[in-house]
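A closer look at the structure
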Amino acid sequence: MAPDSDVAATQESKDLGLLGFIQGAPAPVADLDEDRVSTYPHLIMREFLAFGIMMAVLLVVSVMFNAPLEEIANPGKTPNPAKAPWYFLSLQEMLHYAPPFIAGVFIPGLLVLTMCTIPFYRGRMVLVPVGFLITSLVIPLFDGIIWSGIHAVAPGFANMTRIYGIPTIILLTISYFVVAKWSLNPRFDDEAVVEKYRKRLFVLFVIMLTILVLIGQYFRGPEWRWVWPWR
Amino acid sequence: MSVPEPVIERSLRRRIANAWHGTRASQYLSSRKGFAKVLAFFSYGFWVAGWGDVVRTGPWKAVYPRPLPETPREKSEIAITSFALHIHPATIPRRALKFSTTYGLGGLSAGLFFVLLVTGVLLMFYYVPATDHAYANMVDLQHVVSLGRILRNMHRWSAHAMVVVVSLHMLRVFIQRAYKSPRQLNWIIGVICLVFTLLLSFTGYLLPWDQLALWAVTVGTNMAGAVPLIGDKIRYVLLGGDTVDQATLLRFFVLHVNFLPVFLGIFMGYHFWRVRKDGFSGGK
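Conventions and cut-offs
- Residues numbered from 1 in each chain as written.
- Chains lettered and ligands numbered in written order.
- Predicted model: local features only at pLDDT ≥ 70, side-chain atom pairs only at ≥ 80, totals over all residues.
- Heavy atoms only, no water.
- Helix = DSSP H or I, 4+ residues; strand = E, 2+ residues; numbered from the N terminus.
- Buried < 20%, exposed > 50% of the residue type's maximum accessible area, 1.4 Å probe, protein only.
- Contact = heavy atoms within 4.5 Å.
- Areas by Shrake-Rupley, 256 points an atom, 1.4 Å probe, with all protein chains shown as cover.
- Axes fitted to C-alpha atoms, helices over the stretch in contact; angles between N-to-C directions.
- Parallel < 35°, antiparallel > 145°, perpendicular 65-115°, else oblique.
- Left-handed = near helix turned anticlockwise from the far one by under 90°.
- Salt bridge = Lys/Arg side-chain N within 4 Å of Asp/Glu carboxyl O.
- Domains from an automatic or database assignment.
- Buried area = accessible area lost by both parts, 1.4 Å probe.
- Polar contact = N/O pair within 3.5 Å; in protein donor to acceptor, adjacent residues only side chain to side chain.
- Nonpolar A, V, L, I, M, F, W, Y, C, P; charged D, E, K, R; others polar.
- Pairing = 2+ DSSP bridges.
- Disulfide = S-S within 2.5 Å.
- Phe/Tyr/Trp six-rings, centres within 6.5 Å; stacked < 30°, edge-to-face > 60°.
- Core = buried A, V, L, I, M, F, W, Y, C linked by side-chain atoms within 4.5 Å.

**Some thoughts on the overall build of chain A**
Helix and strand counts for chain A come out as nine helices and one strand. The buried share among the 231 residues of chain A stands at 37%. Here the contacts in chain A between residues at least 6 apart in sequence split such that 66% fall between residues at least 24 apart. Counting only carbon and sulfur atoms, one obtains 69% of the accessible surface of chain A, whose full area is about 13700 Å².

Printed below as a string of structure tokens:
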């Protein structure tokens with residue numbers, strides 16, 4: 001089947017008749033000048049093939065590697081360290097530096113909410129949520145240093161606020177406005193530059209999350225101390 | 001007391017066999033020459049009709065009562081009239097076919113979800129969510145149940161793969177800026193799907209009831225306990241007590257096999273429907 005005949009069918013369906021005039025915005029329609037092909041067989045067969053390859057890979061992996069199964073659960077025998085599932089290890093790594101409320105509740109909630117708001121920033125402002133994702137990941141790692149700094153000045157206040165990580169939350173709020181100010185930099189007048197930074201910052205965020213996961217998985221031993229995996 | 005009469009076995013199969021063995025046709029087919037002639041007769045018929053016609057007029061037409069599609073109109077009708085395939089439009093932009101447009105990540109996520117549903121249902125046949133049974137079930141799956149090891153391995157690795165593939169799908173959509181208007185809502189639905197994927201994986205983590213499961217979930221739920229003021233209450237509701245115990249196992253089991261898959265399925269359906277309504281964005 002030549003691809004031209006597929007296109008011919010869609011050409012045929014492009015004969016539109018005028019029915020009348022209405023007020024308001026036009027109804028959204030697909031770009032009619034676009035080159036289209038029929039879903040069957042072009043897409044269906046590709047999906048079928050992709051699913052087949054996925055099943056083959058899964059089968060080979062399942063035959064070769066056994067899922068981990070340790071000894072039966074024993075509440076009286078705490079492993080050291082007790083590690084969360086790997087996708088939560090970035091949070092557990094953060095728990096090493098920041099209080100549980102920050103690492104376990106505030107930051108994950110903040111990351112999810114910030115993710116959700118990304119589409120609602122226009123133009124250069126999209127750098128704000130993406131930059132904020134990074135500061136939300138970095139600033140809690142310095143919670144201990146922030147706390148010691150405040151502790152040196154006002155020990156009572158520092159001890160009182162540490163549990164909810166209030167200094168960190170204040171610093172995070174400031175960082176949001178710092179990122180917003182940074183996005184007003186004249187170099188972001190150019191859309192292409194914004195686009196470049198948008199991609200780079202998000203990839204940086206993903207890399208940082210991955211590094212935290214890898215540290216938690218391979219570089220943390222008893223008492224969450226640093227270990228080298230090859231020793 | 002009367003002695004019951006012995007029941008004579010008169011199954012349908014026996015009666016057909018008796019009727020068949022006496023006939024001339026059976027003698028004919030049993031002889032080498034007769035069998036060769038019958039074979040030759042039908043082979044000639046197949047040859048005359050052509051294999052294509054045999055395939056096209058076969059009994060499976062009742063299941064899929066259409067000739068193979070040839071014209072573009074017939075091809076479109078496949079996507080429009082089939083229930084399973086009407087998830088797709090009849091035609092798609094050529095740009096959407098390019099592998100580097102999507103890397104197939106969204107489709108693979110859905111495929112992995114399907115694999116997890118099938119293997120998960122099969123695992124449920126063997127699994128009892130009780131602290132004195134669960135671990136033994138795992139050992140049985142490893143050593144006793146036919147293909148049990150592969151079943152469990154496949155469920156486990158598919159779950160890990162799904163977390164990775166869904167995350168990569170999100171990265172792809174972000175890089176291509178496919179979340180911009182009018183697709184903001186679908187991006188949010190996607191984030192919800194990612195969170196549900198993580199929760200599904202996390203609740204499944206406890207079910208083998210080994211040391212890995214118990215302490216990973218202890219660490220995870222301790223984090224939930226850090227919510228100000230109501231943290232301890234949230235943790236109590238999650239665990240069904242103060243420690244990870246029988247009540248926790250049952251709660252996580254119910255969440256893992258009922259609540260979370262159903263809601264993820266609903267959100268996935270919503271996600272796909274919005275892709276249809278908003279139009280396919282990739283590769284522009």
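**Notes on the packing of helix 4 (residues 100-117) of chain A against helix 10 (residues 184-206) of chain B**
Where helix 4 of chain A contacts helix 10 of chain B, the axes come no closer than 8 Å and their chain directions differ by 155 degrees. The angle between the axes of helix 4 of chain A and helix 10 of chain B places the two elements in the roughly antiparallel class. In this structure, helix 4 of chain A meets helix 10 of chain B at a crossing whose hand is right-handed. Contact residues: A:Val112, A:Met115 and A:Cys116 in helix 4 of chain A; B:Trp187, B:Ile188, B:Val191 and B:Val195 in helix 10 of chain B.

**Things to note about the pattern of salt bridges**
In total, this model carries seven salt bridges over all chains according to the counting rule given. The salt bridge partner of A:Lys77 is A:Glu71, with a shortest N-O separation of 2.8 Å. A cluster of three or more residues bridged by salt bridges with shared partners is formed by A:Glu195, A:Arg198 and B:Arg177.

**With respect to unusual backbone geometry**
Here the bond from A:Asn80 into A:Pro81 is cis, since omega is 0 degrees, no more than 30 degrees from zero. Positionally, A:Pro81 belongs in the loop between helix 2 (39-64) and helix 3 (89-95). Across the junction of B:Ser181 and B:Pro182, the peptide omega takes the value 10 degrees, indicating a cis bond. Mapped onto the elements of the fold, B:Pro182 is located in the loop between helix 9 (148-175) and helix 10. Within the chain, A:Glu223 stands out as a residue other than glycine whose phi angle is a positive 60 degrees. As for its placement among the helices and strands, A:Glu223 is situated in the segment after helix 9 (191-218). Even without being a glycine, B:Leu229 presents a positive backbone phi close to 65 degrees. For B:Leu229, the position within the fold is in the loop between helix 11 (211-224) and helix 12 (231-239). Note on B:Leu229: relative accessible area 81%, which makes it exposed.

**Side note on the domain arrangement of chain A**
In many reports, interface size means the accessible area that the parts give up when they come together. For chain A, the domain assignment lists domain 1 (37-67) and domain 2 (86-224). The C-alpha-based centres of domain 1 of chain A and domain 2 of chain A are spaced at 38 Å.

**Examining the environment of A:Leu204**
All names here are of chain A. Mapped onto the elements of the fold, Leu 204 is located in helix 9. Of the residues examined, Leu 204 reaches a relative accessible area of 37% and is grouped as partly exposed. In sequence terms Leu 204 and Asn 80 are 124 residues apart; their C-alpha atoms lie 31 Å from each other.

**Points about the interface of chain B and chain A**
Contacts between the two partners involve 67 residues from chain B and, on the opposite side, 72 residues from chain A. When chain B packs against chain A, the two sides together hide about 6500 Å² of surface, and 71% of this comes from carbon and sulfur. Counting across the chain B and chain A interface gives two salt bridges. At the junction of chain B and chain A, the tally comes to 30 residue pairs in polar contact (both at pLDDT 80 or more). Only helix 5 (72-81), strand 1 (91-93), helix 7 (105-124), helix 8 (134-143), helix 9, helix 10 and helix 11 of chain B provide two or more residues apiece to the side of chain B that touches chain A. Of all the elements, helix 9 of chain B adds the most residues to the side of chain B that touches chain A, at 15 residues. Its residues assigned to classes, the side of chain B that touches chain A comprises 46 nonpolar, 11 polar and 10 charged. Note: strand 1 (residues 36-38) of chain A against strand 1 of chain B, three bridges, orientation antiparallel. Looking at the pairing, A:Ser38 lines up with B:Thr91 of strand 1 of chain B.

**Brief notes about the packing of helix 7 of chain B against helix 9 of chain B**
Residues and elements named next belong to chain B. Orientation of helix 7 relative to helix 9, taken along the N-to-C sense of each, is 155 degrees, at an axis distance of 9 Å. Regarding the angle of helix 7 to helix 9, the classification is roughly antiparallel. Here helix 7 and helix 9 pass one another in a crossing that is left-handed. Residue classes in the contact of helix 7 with helix 9 are distributed as 16 nonpolar, seven polar and two charged.

**A short note on the state of the cysteines**
Inspection of the entire model under this criterion finds zero disulfides over all chains. Unpaired in this structure, A:Cys116 has its nearest cysteine sulfur neighbour in B:Cys193, at a distance of 11 Å. Classification of A:Cys116 as buried rests on a relative accessible area of 13%.

**What about the packing of aromatic side chains?**
Inspection of every chain in the model, using the stated rule, returns 27 aromatic pairs over all chains. Residues A:Tyr176 and A:Phe177 carry aromatic rings whose centres are separated by 5.6 Å and whose planes lie at 85 degrees to one another, so their mutual orientation is edge-to-face. With 5.6 Å between their ring centres and 85 degrees between their planes, B:Phe99 and B:Tyr103 make a pair best called edge-to-face. Residue classification places B:Phe99 among the exposed positions, given a relative accessible area of 59%.

**Concerning the nonpolar core**
The tendency in soluble globular proteins is for nonpolar side chains to be buried side by side. Judged by nonpolar contacts, the single largest core of 58 residues is most densely connected at A:Met115, A:Ile118, A:Phe202, A:Phe205, B:Trp187 and B:Leu264. Listed by contribution, the elements that provide at least two residues to this core are helix 2, helix 4, helix 5 (127-138) and helix 9 of chain A together with helix 7, helix 9, helix 10 and helix 13 (246-278) of chain B. Membership of the second largest hydrophobic core comes to 32 residues, among which are B:Ala134, B:Leu207, B:Val217 and B:Leu239.

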